[in-house]
Amino acid sequence: MRLVIARCSVDYVGKLTAHLPMAPRLILIKADSSVSIHADDRAFKPLNWMNPPCKLREEEGTWTVTHGKTGEKLVLTMEEIIHDTSHELGVDPGLIKDGVEAHLQELLAEHITTLGAGWTLVRREYMTAIGPVDILCRDNTGASVAVELKRRGNIDAVEQLTRYLELMNRDPLLAPVAGILAAQSIAPQAKTLAEDRGIRCVTLDYDELRGIERNDTLF
């Protein structure tokens, strides 16, 4: 990962246009080629970003990030580079699952038609270059679907699944690969982000998967 602190302005050129005025900003350039621009607030959310596949071209006073499919651009006008360093983070192990999440994975694999009639399991823990996706399955048309399971689905889970999908869709034997975030509960912000990225959200009933009938009546 490359970390750059620079005084710069940023212009997004694409379906929409956006402008960030000249100010000190943090620029993250990740190994997957994504570029994001951050201020010293807003927690995890960048001010602007470009998801892979994209390419960074550095010229004197101007950096241009171009998306490989859409042609949309981030143009950074660099007034001063204050700090520029790179770090090798290695392969991320992903989020560690607790016992409930592990059991959810096992149960959903056994009852994969919970996601749709005619669906079939390919395998659990399908390995990618950055870690295993919980379930790889096929829908009733034979298309590949990657499923990420959580007890509670949050924005980190959406980001994790997004990274898996970006890698899996580079494999011509799998592509196109759709994504599903499956959890006992899903945060509204995570659902909004997932839907924006074309990821389907599924709320799982743990007891129903276990075959336990609920009795919510008092008498």
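The structure reproduced in this document is the subject of the present report. (Residues numbered from 1 in each chain as written. Predicted model: local features only at pLDDT ≥ 70, side-chain atom pairs only at ≥ 80, totals over all residues. Heavy atoms only, no water.)

1. Examining the nonpolar core
Okay, step 1: Core analysis: the largest hydrophobic core is formed by 20 residues, its most contacted members being Ala 146, Val 158, Leu 161, Met 168, Leu 181 and Ile 199.
Okay, step 2: Not counting residues up to four positions away in its chain, the partners in contact with Leu 181 are Glu 148, Lys 150, Gly 153, Ala 157, Val 158, Leu 161, Ile 186, Ile 199, Arg 200, Cys 201 and Val 202. (Core = buried A, V, L, I, M, F, W, Y, C linked by side-chain atoms within 4.5 Å. Buried < 20%, exposed > 50% of the residue type's maximum accessible area, 1.4 Å probe, protein only. Contact = heavy atoms within 4.5 Å.)

2. Looking at unusual backbone geometry
Okay, step 1: For the bond from Pro 52 to Pro 53, the omega torsion is 0 degrees, close enough to zero to count as cis.
Okay, step 2: Relative to the helices and strands, Pro 53 is located in the loop between strand E4 (48–50) and strand E5 (54–59).
Okay, step 3: Residues Ala 175 and Pro 176 are joined by a peptide bond in cis, for which omega reads -5 degrees.
Okay, step 4: Along the polypeptide, Pro 176 turns up in the loop between helix H2 (155–168) and strand E11 (177–186).
Okay, step 5: A positive phi is found at Ser 33, a non-glycine position, where the angle reads about 85 degrees.
Okay, step 6: Secondary-structure assignment places Ser 33 in the loop between strand E2 (17–29) and strand E3 (35–38).
Okay, step 7: A positive phi is found at Glu 125, a non-glycine position, where the angle reads about 50 degrees. (Helix = DSSP H or I, 4+ residues; strand = E, 2+ residues; numbered from the N terminus.)

3. Description of the state of the cysteines
Okay, step 1: Taken as a whole and judged by the stated rule, the model has zero disulfides.
Okay, step 2: Free cysteine: Cys 137, not disulfide-bonded; nearest cysteine sulfur from Cys 201 at 15 Å.
Okay, step 3: For Cys 201, a relative accessible area of 22% translates into the label partly exposed. (Disulfide = S-S within 2.5 Å.)

4. Remarks on the pattern of salt bridges
Okay, step 1: Summed over the entire model, instances satisfying the criterion amount to six salt bridges.
Okay, step 2: A salt bridge links Glu 58 to Arg 2; the nearest nitrogen and oxygen atoms lie 2.6 Å apart. Taken together, the residues span a long stretch of sequence, with Glu 58 in strand E5 and Arg 2 in strand E1 (residues 2–13) at a distance of 56 residues.
Okay, step 3: Notably, a salt bridge pairs Arg 7 with Glu 79, separated by 2.6 Å at the nearest N-O pair. Within this pair, whereas Arg 7 is found in strand E1, its partner Glu 79 is found in strand E7 (residues 73–86), the two being separated by 72 residues in sequence.
Okay, step 4: Judged by relative accessible area, which is 29%, Arg 7 ranks as partly exposed.
Okay, step 5: Using a relative accessible area of 52% as the deciding quantity, one classes Glu 79 as exposed.
Okay, step 6: Salt bridges sharing partners connect three or more residues here, namely Arg 2, Glu 58 and Asp 84. (Salt bridge = Lys/Arg side-chain N within 4 Å of Asp/Glu carboxyl O.)

Functional significance is not addressed by these values, which are geometric in nature.
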